[in-house]
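# Observations on the model geometry
Next come the chains, spelled out residue by residue.
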Amino acid sequence: RDVKSGSMNKSYTKSERSHLEAVKRLQCSVCDAPGPSSAHHIRQDDPYTCVALCYECHQGPKNGWHGQRAIWKVKKMDELSALVITFKRLLGYPC
């Protein structure tokens, strides 16, 4: 991580950057809103723990992971269950 710029992708390998871009092309792993999505990092130092989330499910004040998580609670989801959906979609499995 490049501390000066706050950017997390400066030190990522080509493969890691490719993975992140693929995640961002997916639909939201919580509400199924069409992509592009943002990549929510479960672990900041690991690009392979990124979940595809729309703005509302990521940063929205009511539904977002960084908010009240209302939709997460309704769907009984946590970061791990959203990560599983992200990986299934990347691998072409139905969700």
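This structure is a prediction, so every number in the text was calculated from the model and none was measured. (Residues numbered from 1 in each chain as written. Predicted model: local features only at pLDDT ≥ 70, side-chain atom pairs only at ≥ 80, totals over all residues. Heavy atoms only, no water.)

### A word on the side chain of Ser 37
With respect to the helices and strands, the residue Ser 37 is situated in the loop between α1 (14-25) and β1 (38-41). For Ser 37, a relative accessible area of 10% translates into the label buried. A distance of 2.7 Å separates the side chain of Ser 37 from the backbone oxygen of Leu 26, its partner in a polar contact. Leaving out residues up to four positions away in the same chain, Ser 37 has contacts with Val 23, Lys 24, Leu 26, Gln 27, Cys 28, Ala 52, Leu 53 and Cys 54. (Helix = DSSP H or I, 4+ residues; strand = E, 2+ residues; numbered from the N terminus. Buried < 20%, exposed > 50% of the residue type's maximum accessible area, 1.4 Å probe, protein only. Polar contact = N/O pair within 3.5 Å; in protein donor to acceptor, adjacent residues only side chain to side chain. Contact = heavy atoms within 4.5 Å.)

### Quick notes on helix α4 (residues 79-91)
The α-helix advances 3.6 residues per turn, and as a result positions three or four apart in sequence lie on the same side. For α4, with 13 residues, the first-to-last C-alpha span of 18 Å sits near the 18 Å given by 1.5 Å per residue. Of the positions making up α4, those classed as buried are Glu 79, Ala 82, Leu 83, Thr 86 and Arg 89. The arc that holds the buried residues of α4, viewed along the axis, is 125 degrees, so those residues lie on one side. Residues of α4 that are exposed and point more than 90 degrees away from the buried face comprise Leu 80 and Leu 91. (Expected span 1.5 Å × (residues − 1). Arc of directions from axis to C-beta.)

### Brief notes about the environment of Val 30
With respect to the secondary-structure elements, Val 30 resides in the loop between α1 and β1. Val 30 gets classed as buried once you look at its relative accessible area, which sits at 2%. Separated by 28 residues in sequence, Val 30 and His 58 place their C-alpha atoms 9.4 Å apart. If near-sequence neighbours (up to four positions away) are discounted, Val 30 is found in contact with Leu 53, Cys 57, Ile 71, Trp 72, Lys 75, Met 77 and Ala 82.

### Quick look at the pattern of salt bridges
Counted under the stated rule, the structure contains three salt bridges. The salt bridge involving Lys 24 is made with Glu 21; its shortest N-O contact spans 3.8 Å. Placement of the pair is Lys 24 and Glu 21 together in helix α1, with a separation of three residues, close to one helical turn. Look at Lys 24 and you get partly exposed, because its relative accessible area is 32%. Notably, a salt bridge pairs Asp 45 with Arg 43, separated by 3.5 Å at the nearest N-O pair. (Salt bridge = Lys/Arg side-chain N within 4 Å of Asp/Glu carboxyl O.)

These results come straight from atomic positions and should not be treated as a statement about function.
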